Amino acid sequence: MNNSCRRLLAAVLVLAASACGGESPAPKTPPPGARRVDSSTTGRISGRILFSGDVPAGTAVDVAADPACARDGARLMTEEVVVKDGGVANVFVYVKDGLRDYYFDTPTAPVKVDQQRCRYQPHVFGAQTGQPIEVSNSDPTLHNVHAAASINRGFNYGQPVQGMKNTTSFEAAEVMVRFKCNVHPWMTAYAGILDHPYFAVTADGGTFELKNVPPGTYTIEAWHEKLGTQTQQVTVADDEHRELSFTFKAPTT
């Protein structure tokens, strides 16, 4: 992309920022009869996401068109399936069902997402409805942040200058919202938006933990962008620790 085209695209994307999303909803108020979690009785759910089969080889990303993405000899690889020590990273694990009677305050601290070396970091993240999501551009090149939502209102804004930040939020629960950059098509991220705080993203080794879970019976779902979803039901008693494991198989070609 030559400089004139890049400047034109930057101008279009900046205009789009003012027209597409970006406004936070009004603070929620508890509905009549809403329950609050009693912290003296809560338990936790932890576990691991395992992988079975041959791990797909990563693919190198061709970044030659934008020198800013290839600085310092960095070599970008695809992030679709990341496995370490038999566990799967970037799996979104959350309570899918069982919390209907509870009310949760909206966090005021933002979830922070950065664009570093032409990829979103983190690749998978979660936020509550109404919670601020701050997206930054740490690269010396143009990015645009395009959230392709299905339930929520999507947005698409440009960040042509290094150090730019934009803050937005989503009003409704949605698993998952795909983020992408139209300038660098390999850049993707996924956001799990929930109306409660019981979610986690697996790290190296595929581990997760859901803390301060009130007693009850829940459906737990594990979501992965390439490997699909799995669910299990679990009952948590007062001050109980339950462990779960999910096993994803290698994708068929």
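Since the model is a prediction, treat every value here as computed from it, not as a measurement.

(A) Structural detail: the nonpolar core. Tyr120, Ile133, Phe170 and Phe179 are the most contacted members of the largest nonpolar core, which has 26 residues in total. Listing elements by their share of this core, those giving two or more residues are β5 (111–115), β7 (124–128), β8 (133–137), β9 (143–148), β10 (155–159), β12 (174–180) and β13 (188–194). Those residues within four positions of Ile133 in sequence are excluded, and the remaining contacts are Val111, Val113, Phe125, Ala127, Asn166, Thr167, Thr168, Phe170 and Ile193. In terms of nonpolar packing, the next biggest core, distinct from the first, is built from 25 residues, Val91, Val93, Tyr102 and Tyr218 among them.

(B) Focus on the sheet that holds β13. If you walk across this open sheet you meet the 5 strands as β7-β13-β12-β9-β10, and the pairing is mixed. The strands lining the two open edges of the sheet, one partner per strand, are β7 and β10. For this sheet, the mean angle separating the axes of adjacent strands, direction not counted, is 25°. Note that β9 and β12 share 3 bridges and pair antiparallel. Bridge assignment links His146 to a residue of β12, and that residue is Lys180.

(C) A look at the sheet that holds strand β17 (residues 228–236). Across the sheet, which stays open at both edges, the 4 strands sit in the order β14-β4-β16-β17 with antiparallel pairing between neighbours. Looking at strand neighbours, the two that pair on one side only are β14 (199–201) and β17, the edges of this open sheet. The average angle at which neighbouring strand axes cross in this sheet is 25°, direction not considered. Pairing of strand β4 (residues 92–97) with strand β16 (residues 216–224) involves 5 bridges; the strand directions are antiparallel. In the sheet register, Phe92 faces β16, and the bridge partner there is Trp223.

(D) Main features of the side chain of Asn144. Turning to its location among the elements, Asn144 is positioned in strand β9. A residue is classified by how much of its surface remains accessible, and Asn144, at 0% relative accessible area, is buried. A distance of 2.7 Å separates a polar atom in the side chain of Asn144 from a polar atom in the side chain of Asn156. A polar atom in the side chain of Asn144 sits 3.5 Å from the backbone nitrogen of Val183.

(E) Focus on the pattern of salt bridges. According to the stated counting rule, one finds 6 salt bridges in the structure shown. Put simply, Asp204 and Lys84 hold a salt bridge, and the shortest N to O gap is 3.6 Å. With a gap of 120 residues between them, Asp204 in the loop between β14 and β15 (207–213) and Lys84 in strand β2 (residues 83–84) connect regions that are remote in the sequence. With relative accessibility at 54%, the residue Asp204 sits in the exposed group. The salt bridge partner of Glu221 is Lys96, with a shortest N-O separation of 3.1 Å. You can see Glu221 sitting in strand β16 and its partner Lys96 sitting in strand β4, a full 125 residues away along the chain. Residue class for Glu221 comes out buried when judged on its relative accessible area of 7%. By relative accessible area, which is 47% here, Lys96 ends up partly exposed.

What counts, and at which threshold
- Residues numbered from 1 in each chain as written.
- Predicted model: local features only at pLDDT ≥ 70, side-chain atom pairs only at ≥ 80, totals over all residues.
- Heavy atoms only, no water.
- Core = buried A, V, L, I, M, F, W, Y, C linked by side-chain atoms within 4.5 Å.
- Buried < 20%, exposed > 50% of the residue type's maximum accessible area, 1.4 Å probe, protein only.
- Helix = DSSP H or I, 4+ residues; strand = E, 2+ residues; numbered from the N terminus.
- Contact = heavy atoms within 4.5 Å.
- Pairing = 2+ DSSP bridges.
- Axes fitted to C-alpha atoms, helices over the stretch in contact; angles between N-to-C directions.
- Polar contact = N/O pair within 3.5 Å; in protein donor to acceptor, adjacent residues only side chain to side chain.
- Salt bridge = Lys/Arg side-chain N within 4 Å of Asp/Glu carboxyl O.

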